[in-house]
Amino acid sequence: MHIMKFSDIELPSNKKFGTVIGLFLALVSLYFFYINNIHFGIFFIFISIILLVITSIKPVLLTNLNKVWMLIGFILSKIVNPLVLGIIFFIIITPIGIFLRVIGRDELKIKNASSSSFWERKENAKVEPESYKNQF
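Criteria and thresholds
Residues numbered from 1 in each chain as written. Predicted model: local features only at pLDDT ≥ 70, side-chain atom pairs only at ≥ 80, totals over all residues. Heavy atoms only, no water. Helix = DSSP H or I, 4+ residues; strand = E, 2+ residues; numbered from the N terminus. Rg over C-alpha atoms; globule rule 2.2 N^0.38 Å. Buried < 20%, exposed > 50% of the residue type's maximum accessible area, 1.4 Å probe, protein only. Contact = heavy atoms within 4.5 Å. Areas by Shrake-Rupley, 256 points an atom, 1.4 Å probe, with all protein chains shown as cover. Axes fitted to C-alpha atoms, helices over the stretch in contact; angles between N-to-C directions. Parallel < 35°, antiparallel > 145°, perpendicular 65-115°, else oblique. Left-handed = near helix turned anticlockwise from the far one by under 90°. Expected span 1.5 Å × (residues − 1). Phe/Tyr/Trp six-rings, centres within 6.5 Å; stacked < 30°, edge-to-face > 60°.

A. Structural context of the overall build of the protein chain. From N to C terminus, the protein chain includes three helices and zero strands. Along the protein chain, helices and strands appear, N-terminal first, in the series α-α-α. Relative to a compact globule of 136 residues, whose C-alpha radius of gyration would be 14 Å, the protein chain shows 28 Å and is clearly more extended. Counting the 136 residues in the protein chain, one finds 13% classified as buried. Long-range contacts, defined here as pairs at least 24 residues apart, represent 62% of the contacts in the protein chain between residues at least 6 apart. Carbon together with sulfur atoms contributes 69% to the accessible area of the protein chain, which is approximately 12100 Å² in total.

As structure tokens, this is what we get:
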């Protein structure tokens with residue numbers, strides 16, 4: 001099993017990072033202008049313009065910000081992924097398993113096993129070559 005480390009993550013280019021974040025902040029500022037919150041609108045458009053200017057002139061300055069942004073995403077993935085998978089398991093899979101156990105369903109056929117092996121014997125051991133054509 002390979003556990004992902006932060007050093008395994010390849011950072012996007014600083015130019016792409018600056019452009020995406022700058023345009024996103026411009027959209028956020030448009031939203032604040034739309035709801036008549038001029039102060040936040042001006043703040044976000046100012047940050048957006050600064051970020052886009054830095055991106056176009058000297059994107060190397062965005063390296064640390066890019067690393068911090070990816071670190072935040074990495075930490076969030078370590079927290080959110082197990083939570084979402086746990087919720088899916090306990091809300092969907094566990095009730096289905098309990099229901100199947102209550103009605104007596106044995107999907108793996110291991111209940112009341114009298115033999116030493118769980119392999120099923122096949123009656124016709126000969127396989128025809130035509131059965132391998134068009135399998136999908």
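B. Up close: the packing of helix H1 (residues 14–34) against helix H2 (residues 38–57). Packing of H1 against H2 leaves a shortest axis separation of 8 Å and a crossing angle of 165°. As summarised for this structure, H1 and H2 are arranged roughly antiparallel, according to the angle between their axes. Considering how the two elements wind past one another, H1 and H2 form a crossing that is left-handed.

C. Inspection of helix H3 (residues 63–102) at higher detail. Spanning 40 residues, H3 covers 57 Å between terminal C-alpha atoms, matching the ideal 58 Å at 1.5 Å per step. Immediately beyond the C-terminal end of H3, within one or two residues, lies Gly104, with a positive phi of roughly 85°.

D. Representation of the packing of aromatic side chains within the structure. Per the stated rule, a full pass over the model turns up five aromatic pairs. When the centroid spacing of 5.5 Å and the interplanar angle of 5° are considered together, the rings of Phe32 and Phe44 count as stacked. Highlighted residues: Phe32 in helix H1 and Phe44 in helix H2, separated in sequence by 12 residues. For Phe44, a relative accessible area of 19% gives the class buried. Counting every residue linked through ring pairs, the aromatic cluster contains Tyr31, Phe32, Phe40, Phe43 and Phe44.

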